Amino acid sequence: MTRDRPLAAVLDVDGTLVDTNYLHTVSWWEALHQAGHRVAMTDIHHTVGMGSVRLLDRLLGEDRDRDADEAIGAAHKTLYATWFDRLPVAEGAADLLRALAGRGWRVVLATSAQGSELAALRRAIGADDAILAATSADDVEASKPAPDPVCQALEQAGTEPGRALFVGDTVWDVRAARRAGVDCVALLSGGIGRAELEEAGAVAVYRDPAALLAGLDDSPFARLERG
């Protein structure tokens, strides 16, 4: 690890900074229902955080007829877009980003959201002054749990895995970070339990951004700052 390389805080958005996982769950459920699929809400919830192709692979099977994938994905986007003007930001999200930036961390968002969806999320958070860059599904070949979004974020931050931490809320976030060689701090704000996140490899678990902010001086961020 090169100590003169900058510190990077890479953060997921949905479920981590903005309380949207259940909105995505309902939107996917309705999109799948319209296409004639009966899928349990709990199964959908546990796939949120993946890109749409991986999500459908897990819910409908890789041997499915893929001709309907585009229509299902478009329906999900249309349904989810109805929430764009009222996306609920997780408590402490903007303050956490600004606190990290103020401590010298390069803040990069790494998300499966793209285009107008990512723009809506950033507007809701309202902390663009603290965000160096954002990588979306448009920028990588494979979505989480592949490491591609995290690796792209490290490149944007100009640093290496040992000088970065990832903050996410799903096991897919934790696995993507670990595959990129980055430790993951997990939040419970996405609705995934502590045991699942720890089993996936999270190095610390907090309730939400506000709890991480309150404990920042004793967190993995402070330990990495001290070297």
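Residues numbered from 1 in each chain as written. Predicted model: local features only at pLDDT ≥ 70, side-chain atom pairs only at ≥ 80, totals over all residues. Heavy atoms only, no water.

**Re the environment of Ala146**
(1) Moving on: In this fold, Ala146 is placed in the loop between strand S3 (133-135) and helix H7 (148-157).
(2) Moving on: Each C-alpha atom, one on Ala146 and one on Pro209, is 24 Å from the other, the two residues being 63 residues apart in sequence.
(3) Moving on: Those residues within four positions of Ala146 in sequence are excluded, and the remaining contacts are Arg54, Ala176 and Arg179. (Helix = DSSP H or I, 4+ residues; strand = E, 2+ residues; numbered from the N terminus. Contact = heavy atoms within 4.5 Å.)

**Examining unusual backbone geometry**
(1) Moving on: Cis peptide bonds are those with omega within 30 degrees of zero, and the linkage from Lys144 to Pro145 qualifies with 15°.
(2) Moving on: Structurally, the position occupied by Pro145 is in the loop between S3 and H7.

**Description of the pattern of salt bridges**
(1) Moving on: Taken as a whole and assessed by the stated rule, the structure comprises 11 salt bridges.
(2) Moving on: For the salt bridge of Glu225 with Arg103, the shortest nitrogen-to-oxygen distance reads 2.9 Å. Note that Glu225 is positioned in helix H11 (residues 220-226) and Arg103 in the loop between helix H5 (93-102) and strand S2 (106-110), a separation of 122 residues in sequence.
(3) Moving on: By relative accessible area, Arg103 is classed as partly exposed at 31%. (Salt bridge = Lys/Arg side-chain N within 4 Å of Asp/Glu carboxyl O. Buried < 20%, exposed > 50% of the residue type's maximum accessible area, 1.4 Å probe, protein only.)

**Regarding the sheet that holds strand S4 (residues 164-168)**
(1) Moving on: Here we have 6 strands laid out as an open sheet, ordered S3-S2-S1-S4-S5-S6, and parallel in their pairing. The open sheet terminates on both sides in strands that have one partner only, identified here as S3 and strand S6 (204-206). With strand direction ignored, the average angle separating the axes of adjacent strands in the sheet is 25°.
(2) Moving on: As defined by bridge partners, S4 adjoins strand S5 (residues 183-187) across 4 bridges and the pair is classed as parallel. Bridged to Leu165 within S5 is Asp183. (Pairing = 2+ DSSP bridges. Axes fitted to C-alpha atoms, helices over the stretch in contact; angles between N-to-C directions.)

**Some details on the pairing of S2**
Two faces, one strand: in a regular strand the side chains alternate between the faces of the sheet.
(1) Moving on: The buried fraction of S2 amounts to 4 of the 5 residues, a majority that puts the element mostly inside the structure.
(2) Moving on: As defined by bridge partners, strand S1 (residues 8-11) adjoins S2 across 4 bridges and the pair is classed as parallel. Of the residues in S2, the one forming a bridge with Ala8 is Arg106.
(3) Moving on: For the crossover that starts at S2, traverses helix H6 (residues 115-125) and ends in the parallel S3, the hand is right-handed. (Right-handed = clockwise from strand over helix to strand, strands pointing away.)

**Topic: a nonpolar patch on the surface**
(1) Moving on: On the surface, Val26, Trp29 and Met41 cluster together into a nonpolar patch covering about 250 Å² of accessible area.
(2) Moving on: Looking at where Val26 falls in the secondary structure, it is placed in helix H1 (residues 21-34).
(3) Moving on: We classify Val26 as partly exposed; its relative accessible area is 46%. (Patch = residues over 30% accessible without salt bridge, like charges linked within 9 Å, V, L, I, M, F, W, Y side chains within 5 Å. Areas by Shrake-Rupley, 256 points an atom, 1.4 Å probe, with all protein chains shown as cover.)

**What to know about the pairing of S4**
(1) Moving on: Of all 5 residues in S4, 5 are buried, a share of seventy percent or more.
(2) Moving on: Residues Ala164, Phe166 and Gly168 line one face of S4 and the alternating positions Leu165 and Val167 line the opposite face, and both faces are buried.
(3) Moving on: Sheet analysis places S1 next to S4, joined by 4 bridges and oriented parallel. When the sheet's bridge partners are listed, Ala8 is paired in S4 with Ala164.
(4) Moving on: Regarding the hand of the β-α-β motif, the stretch spanning S4, helix H8 (residues 171-179) and S5 is right-handed.

**Considering the packing of H1 against helix H4 (residues 69-81)**
(1) Moving on: Running from N to C, H1 and H4 point in directions that differ by 135°, and their axes come no closer than 8 Å. Classified by the angle their axes make, H1 and H4 are oblique. Where H1 crosses over H4, the two elements pack in a sense that is right-handed. Of the residues in H4, those touching H1 at Leu23, His24, Ser27, Trp28, Glu30, Ala31, Leu32 and Gln34 are Ile72, Gly73, Ala75, His76, Leu79 and Tyr80. (Parallel < 35°, antiparallel > 145°, perpendicular 65-115°, else oblique. Left-handed = near helix turned anticlockwise from the far one by under 90°.)

**Regarding the environment of Lys77**
(1) Moving on: For Lys77, the location among the structural elements is in helix H4.
(2) Moving on: Residues Lys77 and Glu117 lie 40 residues apart in sequence; the distance between their C-alpha atoms is 8.3 Å.

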